[in-house]
Amino acid sequence: MTTAAPTEAPTAVPTDPSLAVNVAVIYYSATGHVTEIAREIAETAEKAGAEVRLRKVAELAQQSAIDANPVWARHAAETAAIPVATPDDLLWADAVLFGSPTRFGNVSAQLKQFLDSLGPAWSQGLLADKVYGGFTSTASPHGGQESTLLALTASFHHFGGIVVAPGYTHPDKFTDGNPYGTAHWSGGKGSRPVDDTTRNAARAQAERVVRFARAVKHA
């Protein structure tokens, strides 16, 4: 049994506009950790030659609950300019990466509500044959990370999507240790900022998703 990590060839940025792909990064974040991962993924996808839409889903919590948590309130103000996701963002995309904090081992209510709004597009087959992936953040190491990412893939299967997990296909994934997607643990009260381990894992995932989306679209 070998312990050496497999490697992937670097993603080349295409010079031919006909090889372009569209990537939507759609997420929910209350205090900012998932937002940071989403931004890292979006920036990496752009560097890999994709057109990218970074979108947050609509907030469902009452303003009084947000205002009662200074970190939540500050993050809401800092991300006010990020557009709110609509089903059209998925119809436009060749690949979609969804992000959510863990809520009892599952996705947040905010992201679930958005997924539930996709019924009309799903019923027409408009969500099929796209590449999908996920990312998450939890308060403790592996505190629902795997189950949250696997819960997301259940929706992807119902869409008829092509699930592209990062697996252990890049050396950085052996450090991050999560084959299902990108995952960060934020510590008690969000005391651990998104670090290089998470950012490197996010970059590896984004590059892999863009590469597969390009292969599917332009095969």
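To be clear, the structure that these remarks concern was listed above.
Residues numbered from 1 in each chain as written. Predicted model: local features only at pLDDT ≥ 70, side-chain atom pairs only at ≥ 80, totals over all residues. Heavy atoms only, no water.

## Observations regarding the pattern of salt bridges
Alright, step 1. Tallying each qualifying case throughout the model produces 11 salt bridges.
Alright, step 2. Salt-bridge contacts for arginine 199 lead to glutamate 36; the nearest nitrogen and oxygen are separated by 3.3 Å. Residue arginine 199 is found in helix α9 (residues 196–218), and its partner glutamate 36 is found in helix α1 (residues 33–47); the two are separated by 163 residues along the sequence. (Salt bridge = Lys/Arg side-chain N within 4 Å of Asp/Glu carboxyl O. Helix = DSSP H or I, 4+ residues; strand = E, 2+ residues; numbered from the N terminus.)

## Looking at the packing of aromatic side chains
Alright, step 1. Evaluated as defined, the whole model comprises 5 aromatic pairs.
Alright, step 2. Seen in terms of ring centroids, tyrosine 132 and phenylalanine 156 are 5.0 Å apart; in terms of plane orientation they differ by 20°. Their pairing is stacked. Taken together, the residues tyrosine 132 in strand β4 (residues 131–138) and phenylalanine 156 in helix α7 (residues 145–159) connect sequence positions 24 residues apart.
Alright, step 3. The buried category is assigned to phenylalanine 156, whose relative accessible area is 1%.
Alright, step 4. With a centroid separation of 5.5 Å and 55° between ring planes, the pair formed by tyrosine 132 and phenylalanine 159 is classed as tilted. Here phenylalanine 159 lies in helix α7 and tyrosine 132 lies in strand β4, a separation of 27 residues in the sequence. With respect to burial, tyrosine 132 and phenylalanine 159 carry one shared label: buried.
Alright, step 5. Across from the ring centre of tryptophan 92, 4.2 Å away, lies the NZ or CZ of arginine 53, which sits over that ring.
Alright, step 6. Lying over the aromatic face of tryptophan 185, arginine 192 brings its terminal NZ or CZ to 4.1 Å of the ring centre. (Phe/Tyr/Trp six-rings, centres within 6.5 Å; stacked < 30°, edge-to-face > 60°. Buried < 20%, exposed > 50% of the residue type's maximum accessible area, 1.4 Å probe, protein only. Lys NZ or Arg CZ within 6 Å of the ring centre and 35° of its normal.)

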